[in-house]
Amino acid sequence: MSGSRMKLELTRVVQGRSRLGVLKGLGKTGQHSLEVPGCLLYTHLGTVPHLTQDTLHTLSPLPCVTQVNLSNIAEHRDVLEEFKDGFRKFAGLHDTVLYCSLHDPAAPCPTGYTTNKTVSVWGSGGRIELTVAKFMALQKTVQADWYQSMADGETWQNTTSRKRVRKSVDRTLAHLDECLLVHQSSQELKGVEVFGVVEGGDILEERIRSARETAKRPVAGFCLDGLQTGSVDQALRIQLTSAVIKELPEYKPRLMQGVGRPDEVLDCVDAGVDLFEGFFPFQVTERGCALSFNFDISPDPERAGRAPPAVLDLNEEDPAGGTQENGDVNLEDQTQMTHFEINLKDTRYQDDFRPLVNGCGCYCCRNHKRAYLHHLLVTNELLAGVLLMIHNTAHYHSFFGALREALANDKLDLLTRRVLGGRSKQKE
Amino acid sequence: MAATIECGTDTNTLVSNMSVKKAVEATSALTLRILAECPVTKARACDLILPHSSVSTPVFMPVGTQGTLKGITVDQLEGLGCHICLGNTYHLGMRPGPDLIEKANGLHGFMNWKRNLLTDSGGFQMVSLVELSEVTEEGVKFRSPYDGKEILLSPEKSISIQNSLGSDIMMQLDDVVSSTVTGPRVEEAMHRSIRWLDRCISANKNPDKQNLFAIIQGGLNADLRKACLDEMTQRNVPGFAIGGLSGGEEKDDFWRMVTLSTDHLPREKPRYLMGVGYAVDLVVCVALGCDMFDCVFPTRTARFGSALVPWGSLQVKHKQYAKDFQPIDSDCQCPTCKRHSRAYLHALFKSDTAAMHHITIHNISYQLTLMNSVRQSIVEGRFPQFIQTFMKRMFPSRDQYPSWAVDALASVNVTLE
């Protein structure tokens, strides 16, 4: 694409699959960069859930790419049109790269409303149907630095027929061509990047066809759609992802949509995925839990004390109540807690005067104890969401830092074992 | 500027030998420095030095009922310049309970708030929240909404909980009667409140660290108020609250009871008007001589999208703000107004709870800034002019000034233009 500045510089590729590098040239003037494997900052309408600028800026470093989605934004189209200066300024955002996705990864989208020419998003006022023309009109008002092309991703139910999957691939390619046509002739979108969307449900040939065809188009990177937690099991996701990635050019980034669990992230990274949406900490926060999994693989005992060494005694407080099988269970239910977190509503935390995670440097852990969080949760106080969101976001983004360090030092296996907390990795 | 007066010097050493006379010889853990007194009205500007930090009065105290100020972190509250906030004894006594809070080094430690705290007695919530409560000489009996058990909140129990909470200012348990009730019950409540005050003073385990305030009762009856004032001012408590108002009574009655109280309260002790927080009420009651105020209104109304502004309030959720790209108040220096527009906040209310936090921050900032401006004008000797400007900004025209406010201000020599 003319004027495309986004550039992926790989410093290391492990076994021809997992990649370590830097995504450079982000933002209108190309001044930002994002280390990969990396995670975007999840928001509701540009706001990290529960957080104001004061509380957001306690996070350090602040993730440099902010994700917004059209489910939140579409209903405000006329407002943004009148405002004219783009969503970043409208939302009073800090100096951040803005990425606009179609759906909210933490809010499942009802099926049955997609047509040949339209997709639907659900905002606070209900369904909004988007044609390519409307979709592109929105992109012109949002003025993100990078956006996901319009896509038909309605293949995630396991009853979806082969015919429907094929149709989704065809439609998504047609949407992409139309989007690119409008994009290239649009002055407002000069310098903005487009990611093509790879569909194909759980059918290998369709996945490969979608990847090959999308790769032929002038896109800056790829979104892997329809593989989100709850739609396919982990083994199948990795099989399909590996096959898709073989078809994609090496020097363009790959963003996995709807996958956030640390174990699943690790497997996706191992398969060659670069980017993830940061919605998982939000889901954990909403169920009143705190991320506590260990990702410290530091050999240096001095550092080990400082880096988030995670759960003090994971065995003692096995949080999910027994080892929950990874991957192939709870396809429907993403609200259930995972063994990467502790449930602070549990009465055992009532008089626990330890921080959420010992050694964690987040605002919440520096200032508050589990007993206080427990109290805020049982009394339904709004501060619970604020403090948990700060901690969970900090913990999750630190995990990505540890992940990059592990890749740099050939220790992805060790990190995986650490994250799984001594449990043997599930073999599906 | 008026001479500086200090009171409440440490009489700690005496107290230990004088347990019998403790009720009248209670020490105090505060100092009030009067910096300026308005030459026209009864307003004054003071530094109230409390165990955790100095508070500039007149002061509005935000309410953090359950050990948290609705969605705001303690750092944010500090950043807004808040030096004292409230916790509710009834709520905290129920959950998480005094024992746990004591283990956490008091409410300060539990919520990690480094500045001052004021706790109420718990009596008001019992009367307002709990249906089945019975008041006897012993105390207030009520049924726990959590486990249905009958609980007695006596003056001793209230102080014991507040001692566990470790607040800088504690309130006596008073016999609260709705301000719209008349007749012998009001008199009974007034006398009982005096007796309970003495029991509270005796029960206070930490008079050197925790200040116990008396609460003036007597309903809307001037004679009863006066009798209560006469009795309570004979007790050596570090401060006084004016209670039993802000409960739906006529404003004409309200301000007369306030001004009667301040007329008879000692100059050298702080005066706290309970439950008052509307901007006009604050300005008028400062003119009537009150130093401290609290109210849930600014933070509660914020969560419904109502932002306080010098011309009243602004309903952010109303459609008319959907495309209004100005800040809530362009003169406001709060973090919300510096960064966000009415239009964005309007949109955010549909997507995330952070919208409520933004308005809560703005409203606390509004209240604290208002009181700072009031104080500044008193110090600079131009409070009467401040009142004129404030009223002109708040109301579109002179004929919309509430008559009670006009009368109240006239009583302290301010004739509104």
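Residues numbered from 1 in each chain as written. Chains lettered and ligands numbered in written order. Predicted model: local features only at pLDDT ≥ 70, side-chain atom pairs only at ≥ 80, totals over all residues. Heavy atoms only, no water.

The name that an unreviewed UniProt entry assigns to chain B is Queuine tRNA-ribosyltransferase catalytic subunit 1, with the source organism given as Betta splendens. Quoted verbatim from the Catalytic activity (unreviewed entry) field of UniProt, the annotation for chain B is "guanosine(34) in tRNA + queuine = queuosine(34) in tRNA + guanine". Under Cofactor (unreviewed entry), UniProt gives the following word-for-word description of chain B: "Zn(2+)". (UniProt positions renumbered as here; feature names shortened; annotations may be inferred.)

In the annotation of an unreviewed UniProt entry, the entry for chain A reads Queuine tRNA-ribosyltransferase accessory subunit 2, and the organism field reads Betta splendens. UniProt's Sequence similarities (unreviewed entry) comment on chain A is quoted here verbatim: "Belongs to the queuine tRNA-ribosyltransferase family. QTRT2 subfamily." As recorded by UniProt, the Subunit (unreviewed entry) comment attached to chain A reads in full: "Heterodimer of a catalytic subunit QTRT1 and an accessory subunit QTRT2."

Trainee: Quick question: what am I supposed to make of the overall build of chain A here?
Mentor: When helices and strands are counted, chain A shows 15 helices and 16 strands. Buried positions account for 61% of the 428 residues belonging to chain A. Taking as baseline every contact in chain A between residues at least 6 positions apart, the subset at least 24 positions apart corresponds to 69%. Working note: accessible area of chain A is about 15,900 Å², and carbon and sulfur atoms make up 47% of it. (Helix = DSSP H or I, 4+ residues; strand = E, 2+ residues; numbered from the N terminus. Buried < 20%, exposed > 50% of the residue type's maximum accessible area, 1.4 Å probe, protein only. Contact = heavy atoms within 4.5 Å. Areas by Shrake-Rupley, 256 points an atom, 1.4 Å probe, with all protein chains shown as cover.)

Trainee: Would you explain the nonpolar core in this entry?
Mentor: Note on soluble globular proteins: their nonpolar side chains tend to be buried together. B:F293, B:F383 and B:F390 are the most contacted members of the largest nonpolar core, which has 128 residues in total. Counting contributing residues, this core receives three or more from each of domain 1 (7-278) and domain 2 (287-419) of chain A. For B:F383, the residues in contact, after removing those within four places along its chain, are B:C38, B:T41, B:A43, B:V283, B:V286, B:A287, B:V374, B:S377 and B:I378. A:A74, A:F87, A:V219 and A:F340 belong to the second largest nonpolar core, which has 95 residues in total. (Core = buried A, V, L, I, M, F, W, Y, C linked by side-chain atoms within 4.5 Å. Domains from an automatic or database assignment.)

Trainee: For this particular structure, what's the right way to read the pairing of strand β8 (residues 140-143) of chain B?
Mentor: Looking along a regular strand, one sees the side chains alternate between the two faces of the sheet. All names here are of chain B. Burial along β8 is one-sided: V140 and F142 are buried, and none of K141 and R143, which face the opposite way, are. Of the pairings in the sheet, the one linking strand β7 (residues 133-135) to β8 comprises three bridges and is antiparallel in character. The partner of E134 across the bridge, within β8, is K141. Turn length for the β7-β8 hairpin, with the two strands adjacent in sequence and antiparallel, is four residues. Of the pairings in the sheet, the one linking β8 to strand β9 (residues 150-153) comprises four bridges and is antiparallel in character. If you follow F142 over to β9, its bridge partner there is I151. The turn joining β8 and β9, which pair antiparallel and follow one another in sequence, is formed by six residues; a positive phi near 75 degrees is taken by G148. (Pairing = 2+ DSSP bridges.)

Trainee: It is not clear to me how the sheet that holds strand β1 (residues 7-14) of chain A should be interpreted in this structure. Could you clarify?
Mentor: Through backbone hydrogen bonds, the strands of a sheet pair up, either in parallel or in antiparallel fashion. All names here are of chain A. Taken together, three strands build an open sheet; the order of strands is β1-β2-β3 and the sheet is antiparallel. Bordering the open sheet on either side are β1 and β3 (32-36), each of which pairs with just one other strand. Taken over all neighbouring pairs, the strand axes of this sheet differ in orientation by 10 degrees on average, direction set aside. Judged from the seven bridges that link them, β1 and strand β2 (residues 18-26) form a sheet pairing that is antiparallel. Across the sheet, residue R12 finds its bridge partner in β2, namely L20. (Axes fitted to C-alpha atoms, helices over the stretch in contact; angles between N-to-C directions.)

Trainee: How should I be thinking about the packing of helix α7 (residues 204-216) of chain A against helix α8 (residues 234-246) of chain A in this particular structure?
Mentor: Packed helix pairs are characterised by how far apart their axes lie and by the angle those axes make with each other. Residues and elements named next belong to chain A. In contact at an axis separation of 8 Å, α7 and α8 are set at 35 degrees when each is read in the N-to-C sense. Between α7 and α8 lies a crossing of right-handed hand. For the pair α7 and α8, the contacting residues are L204, R207, I208 and A211 in the first and L240, A243 and V244 in the second. Classifying every residue of the contact of α7 with α8 gives six nonpolar, no polar and one charged. (Left-handed = near helix turned anticlockwise from the far one by under 90°. Nonpolar A, V, L, I, M, F, W, Y, C, P; charged D, E, K, R; others polar.)

Trainee: Could you clarify how one ought to interpret the environment of A:I342 in this entry?
Mentor: Residues and elements named next belong to chain A. Counting through the fold element by element, I342 comes out in strand β16 (residues 341-343). When its relative accessible area of 1% is taken as the criterion, I342 is described as buried. For the pair formed by I342 and Q283, sequence separation is 59 residues and the distance between their alpha carbons is 13 Å.

Trainee: Got a minute to help me understand the pattern of salt bridges in this structure?
Mentor: Two side chains bearing opposite charge may form a pair once their charged atoms approach each other closely. Evaluated as defined, the whole model comprises 52 salt bridges over all chains. Between A:D85 and A:K89 there is a salt bridge, with the nearest N and O atoms lying 3.7 Å from each other. Each of the salt bridges in this network shares a partner with another, and the network as a whole consists of B:E137, B:D175, B:R185, B:E188, B:R192 and B:R195. (Salt bridge = Lys/Arg side-chain N within 4 Å of Asp/Glu carboxyl O.)

Trainee: Looking at this structure, I do not really get the layout of surface pockets. What am I missing?
Mentor: Gaps between atoms show up when a probe of the same size as a water molecule is rolled over them. Of the volumes computed, that of the largest pocket is approximately 1,200 Å³. Residue lining of the largest pocket: 48 residues in total, with B:F124, B:Q125, B:G275, B:D294 and B:V296 positioned closest to the centre. What the second largest pocket holds in volume is close to 790 Å³. For the second largest pocket, the lining is made up of 38 residues, of which A:P105, A:A107, A:P108, A:C109 and A:Q228 are closest to its centre. Listing elements by their share of the lining of the second largest pocket, those giving two or more residues are β8 (118-123) and α10 (280-286) of chain A. Taken together, the residues of the lining of the second largest pocket break down into 14 nonpolar, 16 polar and eight charged. Counting only domains with at least three residues in the lining of the second largest pocket, you end up with domain 1 (7-278) and domain 2 (287-419) of chain A. (1 Å grid on protein atoms, 1.4 Å probe; cavity = no way out; pocket = protein on both sides within 12 Å on 5 of 7 lines; lining within 4 Å. Points joined across faces, edges and corners; volume = space filled by probe spheres on them.)

Trainee: Would you explain the interface of chain B and chain A in this entry?
Mentor: Size of an interface, as often reported, equals the accessible area lost when the parts are brought together. On the chain A side, the residues contacting the 40 residues of chain B number 42 residues. Counting each side, the surface lost to burial between chain B and chain A is near 3,400 Å², with a carbon and sulfur contribution of 61%. Taken together, the links from chain B to chain A amount to four salt bridges. Close ionic contact of A:E82 with B:K323 constitutes a salt bridge, the shortest N to O distance being 3.6 Å. (Buried area = accessible area lost by both parts, 1.4 Å probe.)

Trainee: Would you mind going over the UniProt feature "binding site: Zn(2+)" (unreviewed entry) in chain A with me for this structure?
Mentor: Residues and elements named next belong to chain A. Per the UniProt annotation, the sites labelled "binding site: Zn(2+)" (unreviewed entry) are C360, C362, C365 and H391. In summary, the annotated positions, though distributed over 32 residues, converge in three dimensions, the widest C-alpha pair being only 8.5 Å. With respect to the element layout, C362 can be found in the loop between β16 and α12 (363-367). Overall, the relative accessible area of 5% leaves C362 in the buried class. Among all residues touching C362, those that are not within four sequence positions of it are I390, H391 and A394. With respect to the helices, strands and loops of the structure, H391 is situated in helix α14 (residues 382-408).

Trainee: I would appreciate a short explanation of the UniProt feature "active site" (unreviewed entry) in chain B in the present structure.
Mentor: All names here are of chain B. Residues annotated in UniProt with the feature "active site" (unreviewed entry) correspond here to D120 and D294. Despite a sequence span of 175 residues, these residues sit close together in the fold, their greatest C-alpha distance being 10.8 Å. Within the annotated group just given, the residues that line the largest pocket are D120 and D294. On the basis of relative accessible area, D120 is assigned to the buried category, the value being 9%. Excluding residues that lie within four positions of it along the chain, D120 makes contacts with G87, N88, T89, Y90, Q125, Q162 and M171. Within the structure, the side chain of D120 is placed 2.7 Å from the side chain of N88, a separation counted as a polar contact. Tracing the sequence through the fold places D294 in strand β14 (residues 292-294). Classification of D294 by relative accessible area gives buried; the value is 10%. Here D294 is in contact with F60, M61, V63, L86, Y272, L273, M274, G275, V276 and G277, once residues within four sequence places are set aside. (Polar contact = N/O pair within 3.5 Å; in protein donor to acceptor, adjacent residues only side chain to side chain.)

Trainee: Whenever I open this one, the domain arrangement of chain A confuses me. Can you help?
Mentor: All names here are of chain A. Each assigned domain of chain A is listed with its residue range as follows: domain 1 (7-278) and domain 2 (287-419). When each unit is reduced to the centre of its C-alpha atoms, the spacing between domain 1 and domain 2 is 27 Å. Between domain 1 and domain 2 the total buried area reaches about 2,800 Å² when both faces are included, carbon and sulfur atoms providing 70% of it. Of all residues in domain 1, R261, P262 and L266 bury the most surface against domain 2, accounting for 21% of the area lost on that side. One can count two salt bridges joining domain 1 with domain 2. The residue R12 makes a salt bridge to D410 at a minimum N-O spacing of 2.6 Å. At the surface where domain 1 touches domain 2, the tally comes to four residue pairs in polar contact (both at pLDDT 80 or more).

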